[in-house]
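This is what each chain is made of:
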Amino acid sequence: MAQATLTLTMPEEVWIQQISTDHPESTFRVLAAVPGAESGFALVRITGPAVPEVIDDMDDHPQLTELTLAQWSDNEATIHFETTAPLLLFSSRESGMPIELPVEIQDGEATIDVTGSRERLAELAEQLEHFGLQYRIEHVRERLHESQLLSERQLEVIVAAVDEGYYDTPRGSSLTELADHLDIAKSTCSETLHRAEEAVIKRFVEDLPSVDSEDSLEEELAST
């Protein structure tokens, strides 16, 4: 399965883009959301220095057909609402790709995490473009369990190395001492550690965000 983090820019005609850019210091944190046939429902927590003004703007916006305050103060509010323009929900529904919650939106941009098959991710990219949402790839990678990243033997040696202080500064155990502890040859211990470290470091580098990527999600999926 592939895991991706995307930063989305909302279309200018959508309420959340208009209101969040009018109040760039405010954060909209979507806690729950569900699409309807022609609308969407969501629970959002708003924080910032101008929450009452944000609520007034939401209440006046024609794309918000229902607005219920669950809790609010000058700096925070939790609101249940219905909107006729839930483009992100529609993109998720049509692609069959769930979007992990919560989702944070600020100044017209939303950062989302999704996990699924490469085919579903490619379909999500098509739906985002269909609904006019521009996206930037932060990262995309295969989601593997530790047992898939390292062999059983590599995992055993790495764990022992940490437990014995081999990676401490200063070292609490030498390579010879670690090999003796594991009852294996020093050369075998060194080779196993090197291969495990190679896998872990390469995975770490792959997980670094590629914020300057200009490839589409489909191109990024095809290259990984």
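Shown above is the structure to which this text applies.
Report on the accompanying structure. Since the model is a prediction, treat every value here as computed from it, not as a measurement. (Residues numbered from 1 in each chain as written. Predicted model: local features only at pLDDT ≥ 70, side-chain atom pairs only at ≥ 80, totals over all residues. Heavy atoms only, no water.)

Moving on, we come to the environment of E66. Within the secondary structure layout, E66 lies in strand β4 (residues 64–72). Beyond its immediate chain neighbours, meaning those up to four positions away, E66 contacts H80, F81 and E82. (Helix = DSSP H or I, 4+ residues; strand = E, 2+ residues; numbered from the N terminus. Contact = heavy atoms within 4.5 Å.)

Let us look at helix α1 (residues 15–22). Those residues of α1 that sit buried are W15, I16, Q17, I19 and S20. Buried residues along α1 sit in contact with β2 (27–35), α2 (51–60), β4, β5 (76–83) and β6 (103–106). (Buried < 20%, exposed > 50% of the residue type's maximum accessible area, 1.4 Å probe, protein only.)

Turning our eyes to something else, we now look at the pattern of salt bridges. Overall, the coordinates contain 7 salt bridges when judged by the stated rule. Put simply, E109 and R136 hold a salt bridge, and the shortest N to O gap is 3.9 Å. Of this pair, E109 sits in strand β7 (residues 109–116) while R136 sits in strand β8 (residues 134–142); the two residues are 27 residues apart in sequence, bridging distant segments of the chain. The partly exposed category is assigned to R136, whose relative accessible area is 31%. Salt-bridge contacts for R136 lead to E138; the nearest nitrogen and oxygen are separated by 3.3 Å. (Salt bridge = Lys/Arg side-chain N within 4 Å of Asp/Glu carboxyl O.)

So, about the nonpolar core. Grouped together as the largest cluster of nonpolar side chains are 39 residues, with contacts concentrated most on F28 and M58. Excluding residues within four positions of it along the chain, M58 makes contact with W15, I19, F28, I46, L64, L67, I79 and F81. Counting 14 residues, the second largest nonpolar core, distinct from the first, contains I158, L178, I184 and C189. (Core = buried A, V, L, I, M, F, W, Y, C linked by side-chain atoms within 4.5 Å.)

The next thing to look at is a nonpolar patch on the surface. On the surface, I201, F204 and V205 cluster together into a nonpolar patch covering about 320 Å² of accessible area. Position of I201 among the secondary structure elements: in helix α8 (residues 186–206). (Patch = residues over 30% accessible without salt bridge, like charges linked within 9 Å, V, L, I, M, F, W, Y side chains within 5 Å. Areas by Shrake-Rupley, 256 points an atom, 1.4 Å probe, with all protein chains shown as cover.)

In helix packing, the relevant descriptors are the interaxial angle and the interaxial distance, both defined with respect to the helix axes. Close contact between helix α3 (residues 87–95) and helix α4 (residues 118–130) brings their axes to 8 Å; oriented N to C, the two are set at 140 degrees. The pairing of α3 with α4 is recorded here as oblique in orientation. In this structure, the crossing between α3 and α4 has a hand that is right-handed. Contact residues: L88, S91, S92, E94 and S95 in α3; R120, E123, L124, Q127 and L128 in α4. Within the contact of α3 with α4, the residues separate by chemical class into 3 nonpolar, 4 polar and 3 charged. (Axes fitted to C-alpha atoms, helices over the stretch in contact; angles between N-to-C directions. Parallel < 35°, antiparallel > 145°, perpendicular 65-115°, else oblique. Left-handed = near helix turned anticlockwise from the far one by under 90°. Nonpolar A, V, L, I, M, F, W, Y, C, P; charged D, E, K, R; others polar.)

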